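Analysis of the macromolecular model
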Amino acid sequence: MAAAQAHDLVIIGGGPAGLTASIYATRALLDSVTVEQGAFGGQAAITDVIDNYPGSPNINGAELGMSMQGQAEALGSEFVYDDVSGVSFDQGDGTFLVTCEEEGEIACKAVILATGGSPRRAGFEGEERFSGHGVSYCATCDGMFYMGKEVFVIGGGNTACEEALFLTRFASSVTLIVRKDHVRAVASVAEKIEAEPKISIRYNTRIVSIDGDELPSSIVFEDTSTGQVLSESYSEGSFGIFVFVGRVPGSGLVGSLVELADDGTVITDERMATKTPGLFCAGDVRDKPLRQVITAASDGAIAATSAAQYLGRPAV
Ligand SMILES: Cc1cc2nc3c(=O)[nH]c(=O)nc-3n(C[C@H](O)[C@H](O)[C@H](O)COP(=O)(O)OP(=O)(O)OC[C@H]3O[C@@H](n4cnc5c(N)ncnc54)[C@H](O)[C@@H]3O)c2cc1C
């Protein structure tokens, strides 16, 4: 298929990493396009409150995402709403072909992969069947559907704890289901969890299965320390399960063009370069110690600057 368009740079993903890359690329006068399949702002956009982004205390995640996109657009950045389904590289002339579902192929000399991650499934029986009907991966999106109902939150990390706190706004009670005998939240969040009367924690517990007709009405729990199984029944639709057990990195698009860490994230150097010349990677999809909005934005800025240098047009 002939290439439909040609650009200096294609940025895949419009989360904090991609949008920051877009701002820096546009300011470096690169002819770039940012392709986003869903909502600009990425995971940040499904977060109710972000209170650790410097200069914007207690900002709503969607608002922060829209603000980043607005800033990029005002500078002249180009955006496409589409799903990227493949990236190929011609070693002969150093050209990439980025395949989009609707737009077709975009040819370019450099690519920044900023695809973040998608929610990891907890793996219990009934999870897929009731996904969107009793099982959710986004408290901001679905929390209001559980007004006055019982909510179970699976996960013991910082995100699970923060989302559990958020869900107390709607739910009559929130039970954290934690596989281990402790939670892994930062001290300030752990303190809030302990002080919140609506939240209780079931340690050493996992959900084995859920069942019901249209909506779930029973849960089978397992005590992970003894293996003892306990089945509990509820009236149908009286509860919801929110899953926060990590993210699956969106590195599948670039497969053999990069080196992957054991968890599937992309290994880069400090300039966000991968093993393929001209292919850069930024944000949560990258192998790194801290996955936050600020580190995603930082990666995006560095990746765009590196891409500009690679293309012989130093960033401003
Ligand atoms: C519930 C929750 C709460 C959080 N709370 C905080 C917080 O309080 N503070 C904080 O700093 N961080 C928080 N984070 C983490 C933060 O949101 C992420 O670290 C950050 O959004 C990562 O940015 P990113 O751009 O790398 O990836 P993402 O935000 O994941 O964005 C990637 C984008 O790429 C798009 N994309 C993926 N594949 C394709 C494709 N094939 N084609 C086109 N587009 C594609 C996606 O649709 C998405 O918009 C939270 C995350 C979650 C899930």
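The structure reproduced in this document is the subject of the present report. Every chain's residues receive numbers from 1 upward, in the order its sequence appears when written. In keeping with the model being predicted, local features are shown solely for residues with a pLDDT of at least 70 and side-chain atom pairs are shown and tallied solely at 80 or more, while totals for entire chains, interfaces and linings include all residues. Heavy atoms throughout the structure, all of them, feed into the side-chain values; hydrogens and water do not.

**Section: the packing of helix H1 (residues 16–27) against helix H6 (residues 293–310)**
Where H1 meets H6, the closest approach of the two axes is 7 Å, and the angle between their N-to-C directions is 35 degrees. Crossing angle aside, the handedness with which H1 passes H6 is right-handed. On H6, the residues touching Pro16, Ala17, Thr20, Ala21, Tyr24 and Ala25 of H1 are Val293, Ala296, Ala297, Gly300, Ala301, Ala304 and Thr305. Note on residue categories: nonpolar means Ala, Val, Leu, Ile, Met, Phe, Trp, Tyr, Cys or Pro, charged means Asp, Glu, Lys or Arg, and polar means any other residue, Gly included. Of the residues in the contact of H1 with H6, the class split is ten nonpolar, three polar and no charged. Only C-alpha atoms enter the line fits that serve as axes; for helices the fit covers just the stretch in contact. Angles between N-to-C directions range over 0 to 180 degrees. For the purposes of this entry, the term helix denotes a DSSP run of H or I that reaches at least four residues, the term strand denotes a run of E that reaches at least two, and both are numbered from the N terminus. By convention the crossing between two helices is left-handed if the near helix lies anticlockwise of the far one by an angle smaller than a right angle, and right-handed if it lies clockwise. In what follows, residue pairs with any heavy atoms lying within 4.5 Å of each other are defined as contacts.

**What to know about the sheet that holds strand E15 (residues 216–223)**
Note on pairing: DSSP must find at least two bridges between two strands before they are called paired. Overall, antiparallel pairing links the three strands, which are arranged E14-E15-E16 in an open sheet. For this open sheet the edge positions go to strand E14 (205–212) and strand E16 (229–233), each flanked by a neighbour on one side alone. Strand-to-strand twist in this sheet, taken as the mean axis angle between neighbours without regard to direction, amounts to 20 degrees. Sheet analysis places E15 next to E16, joined by five bridges and oriented antiparallel. Considered in E16, the bridge of Ile219 is made with Glu232.

**Some words on the environment of Glu128**
Within the element layout of this structure, Glu128 appears in the loop between strand E9 (117–119) and strand E10 (135–136). Taking the C-alpha atoms as reference, Glu128 lies 31 Å from Ile11; in sequence the two are 117 residues apart. Of note is the side chain of Glu128, whose polar atom sits 3.1 Å from the side chain of Arg121. Under this definition, polar contacts are N or O atom pairs within 3.5 Å; protein pairs additionally need one hydrogen-donor-capable and one acceptor-capable atom, and for neighbouring residues in sequence, both atoms have to be side-chain atoms.

**Details of the environment of Val285**
Residue position: Val285 is located in the loop between strand E19 (279–281) and H6. Classification of Val285 as buried rests on a relative accessible area of 0%. C-alpha of Val285 to C-alpha of Ser118: the two residues are 167 residues apart in sequence and 9.9 Å apart in space. With sequence-adjacent residues up to four places away left out, Val285 is seen in contact with Leu113, Ala114, Thr115, Gly116, Pro249, Gly250, Ser251, Thr265 and Val266. Here's how the labels work: a residue is buried when its accessible area is under 20% of the maximum for its type, exposed when over 50%, partly exposed in between, all with a 1.4 Å probe on protein chains only.

That is the geometry; function is a separate question.
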